[in-house]
Amino acid sequence: MRNVSRTAKVADYVFRVVAGFCASSPAIFLLLIAGIVVYQSIPVMHFMGWSFLTHTRWDLGNLYGAMVKKNGVTAPVGASYGGLVFIVGTLLSSAIALVIAVPIAILTAVILAYRVRGAIAWILSILVELLAGIPSVVIGLWGILVLVPWISAHLAPFLRHVLGYIPFFGGQVGSGYGLLASGIVLAMMIVPIITATARDLLLQVPLLAREGGLGIGMTTWEVVRYISLPYVRDGLVGAIALGFGRAMGETMAVLMVSGNAMNILPSNLYSPISTMAAFIADQLDSAQTDASGMAVHALSELALVLLVITLATNLLARWLVRPRQGRRKAGVAK
Amino acid sequence: MKRRRRRNAFSYLGWSIAWLAAALVLFGLFDLLGSIVWRGVRSFHFAMLFTPTQGVAGGLENAILGTFELVLIAVLFAAPLGILGGVYTSEFAGRRTAAVIRFLAEVLSGVPSIVIGYFGYLLLVLQFHWGFSALAGGIALTLIMLPYILRTTDTSLQQVPHMQREAAWALGMTRSQAILKAIWRPAAGGIATGLLLAIAIGLGETAPLLYTAGWNANNPSLQLTHAQVGYLTYVAYTYLDQPYPAARDLAYAAAFVLLVVILIIQLVVRGLVWRTTNRLQGRH
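Every value quoted in this text rests on a predicted model; they were computed, and no experiment measured them.

Asks: Would you mind going over the UniProt feature "transmembrane region" (unreviewed entry) in chain A in detail, with residue names and values included?
Replies: Residues and elements named next belong to chain A. Look at the UniProt record and you will see "transmembrane region" (unreviewed entry) annotated at residues 21-42, 81-114, 121-145, 177-198 and 302-321. With 91% helix and 3% strand, residues 81-114 has end C-alpha atoms that lie 52 Å from one another. Here residues 177-198 runs as 91% helix and 0% strand, with 31 Å between its end C-alpha atoms.

Asks: Can you explain helix α1 (residues 6-23) of chain A? Please cite residues and give values.
Replies: The periodicity of an α-helix, 3.6 residues per turn, causes residues three or four positions apart to be oriented the same way. Residue and element names in this part refer to chain A. End to end, α1 covers 26 Å across 18 residues, agreeing with the expected 26 Å (1.5 Å per residue, within 8%). Within α1, the full set of buried residues consists of Ala8, Asp12, Phe15, Ala19, Gly20, Cys22 and Ala23. Taken around the axis of α1, the buried residues stretch over an arc of 155°, which confines them to a single face. Opposite the buried face of α1, by more than 90 degrees, sit the exposed residues Arg6, Thr7, Tyr13 and Phe21.

Asks: Which residues make up the pairing of strand β2 (residues 62-70) of chain A, and what are the values?
Replies: Residues and elements named next belong to chain A. Relative to strand β3 (residues 73-77), β2 is paired through five bridges, and the arrangement is antiparallel. Bridged to Val68 within β3 is Ala75. Hairpin connection of β2 to β3: two residues between the antiparallel strands, including Asn71 at a positive phi of 55°.

Asks: Any details on the domain arrangement of chain A? Residues and values, ideally.
Replies: When the parts of a complex come together, some accessible area is lost, and that lost area is often taken as the interface size. All names here are of chain A. Domains assigned within chain A are domain 1 (6-81) and domain 2 (85-320). For domain 1 and domain 2, the distance between their C-alpha centroids amounts to 28 Å. On the side of domain 2, 24 residues touch domain 1, which itself brings 22 residues to the contact. Both faces combined, the contact of domain 1 with domain 2 buries some 2,000 Å², and carbon together with sulfur accounts for 74% of it. On the domain 1 side of the contact with domain 2, Phe52, Thr56 and Trp58 bury the most area, a combined 32% of that side's loss. Across the domain 1-domain 2 interface, the total number found is zero salt bridges. At the boundary of domain 1 with domain 2, the tally comes to three residue pairs in polar contact (both at pLDDT 80 or more). Among the elements of the structure, α2 (25-48), α3 (51-54), β2 and β3 are those that each provide at least two residues to the side of domain 1 that touches domain 2.

Asks: Explain the side chain of Asp154 of chain B residue by residue, including any values.
Replies: All names here are of chain B. Relative to the assigned elements, Asp154 resides in helix α5 (residues 134-158). The class for Asp154 is buried, based on a relative accessible area of 3%. What Asp154 contacts, discounting residues up to four positions off in sequence, is Gly86, Thr89, Ser90 and Arg102.

Asks: For the packing of aromatic side chains, give the residues involved together with the corresponding values.
Replies: One pass over the full model with this rule turns up 20 aromatic pairs over all chains. Seen from their ring centres, Phe15 of chain A and Phe92 of chain B are 6.1 Å apart, and the 65° between their planes marks the pair as edge-to-face. You can see Phe15 of chain A sitting in helix α1 and its partner Phe92 of chain B sitting in helix α2 (residues 61-92), one on each of two chains. Across the pair, Phe92 of chain B and Phe15 of chain A agree in class, each one buried. With 5.1 Å between their ring centres and 85° between their planes, Tyr118 of chain B and Tyr211 of chain B make a pair best called edge-to-face. Remark: Tyr211 of chain B occurs in the loop between α8 (207-210) and α9 (232-238) and Tyr118 of chain B occurs in helix α4 (residues 113-127); sequence separation between them is 93 residues. The two residues Tyr118 of chain B and Tyr211 of chain B agree in class, both being buried. Among the aromatic residues, those joined into a cluster by ring pairs are Phe47, Phe52, Trp58, Tyr81, Phe86 and Phe279 of chain A.

Conventions adopted
- Residues numbered from 1 in each chain as written.
- Chains lettered and ligands numbered in written order.
- Predicted model: local features only at pLDDT ≥ 70, side-chain atom pairs only at ≥ 80, totals over all residues.
- Heavy atoms only, no water.
- UniProt positions renumbered as here; feature names shortened; annotations may be inferred.
- Helix = DSSP H or I, 4+ residues; strand = E, 2+ residues; numbered from the N terminus.
- Expected span 1.5 Å × (residues − 1).
- Buried < 20%, exposed > 50% of the residue type's maximum accessible area, 1.4 Å probe, protein only.
- Arc of directions from axis to C-beta.
- Pairing = 2+ DSSP bridges.
- Domains from an automatic or database assignment.
- Contact = heavy atoms within 4.5 Å.
- Buried area = accessible area lost by both parts, 1.4 Å probe.
- Salt bridge = Lys/Arg side-chain N within 4 Å of Asp/Glu carboxyl O.
- Polar contact = N/O pair within 3.5 Å; in protein donor to acceptor, adjacent residues only side chain to side chain.
- Phe/Tyr/Trp six-rings, centres within 6.5 Å; stacked < 30°, edge-to-face > 60°.

Structure, rendered in structure tokens:
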């Protein structure tokens, strides 16, 4: 038997160390991102305190006038950085996206899992995954070309006509750019995510449990409704939370159809809004013109808030879909 | 009997709604593809591929070359990091460490792309004084692509049967020799798929580049820092707002070119996956 040569051993060690370094790169990048974003938002944290989260006025102040000192930080006169409008816009548009996307995605997943097979199932699954791969700018373009005109001409007047007695659905219909358009565009982007996960979950429901349902005389729909869906409920909630996180972090498509509102909270379903991500993308020029640098710091704090909210949602989702062994018995829980 | 009929009726109703939902998804997809392709074909000229942007008109050459430059830089960073990281996760790390690395990669892929772009702006553009540049944009894209590559490498290596490793070790190979000479072969298809999908994702990103790459109406030079670069998604986003038909045509054409390239990559990937699964099942 030949011993392993020394060079081979050294090479093995070097390879292992290099690979280990590469494997730690996500951790390094995450720490770097969090560190930089927190560090850069410290001045605005001092300047605004908690009112950053509760104020609606975002004003860079007089960029060409004198500076004032407040809480030890120098800022332009009249500057105020309140992120509430963007936080509300983010949460509302993502919630609307969920309301639209969840039923559609789950029902589509039921069809994909139980009603089609063979080549057709394969093609349909590919089409759904294709939708996930379309760049957000292209979806935003579709939003401007097709969706926004359709909303302002048909959908919004229709909704106001039918549901107008509910406060949130009444009022000015507007231009079509706004909350509803953002919600629909976001729904387009999260439907494939939820559908793909839900289909995989539904395919894991044991055949025996479903056949048992049929055996006691349930209709095929009742089997889906009372056996398959309860069986995968935890996983579904996780998939939905994942979609929610994705929707909140989405930038370009929302930026293009949201109407870019500032300083005013949305009053109804058709009002223009802005989300944290879209607003950061939109404020590039102002960040560069503010000589005091406060605009850059303020956007940094907005990025920090967005990062915290999306990461919390993602962690919740991971925790809900974590693999669990042997806890589930094959069959209905109740 | 009556009850039975009612339940059957409910069943029909439920399935009809489900089919409607699936049809709605497909309708949305085809409406999107149709409207973008329709506008794109009408405003696209082949000359656009070879003319740089001039003012609000001209062509897309600078944007196409810029996109390729940015994605190339990103691949140069992300591919080694992601593939070696995936190798470590699958082959060297213990169960605990592997779970932690996978978790962190998932977390990184959950960071909103605009936050990554803004991070690039704060650190690379401002702190390092690189200015809007190809390197800053490429590194921002790296952060987007890295977790995908790491995860696909890891999963495709995990599918290689343990017997193959034992066979290689029994020949007296060290662990790395086993990986470099034997184990990577069955996993290569999966790794290539992941790499291609990551490239498709990188091509379509806008948000990480807004704050890092800038915009340039000239073809990209090979200068890595202090020179802005143009890219396709920027044209699609910005030129749409211009009040000139020529500018809007350029935006439609940019979206069209982007969509075609990404669809081709996606279809190639599906084709690869289709072929390998068929071969493994012995149906080929």
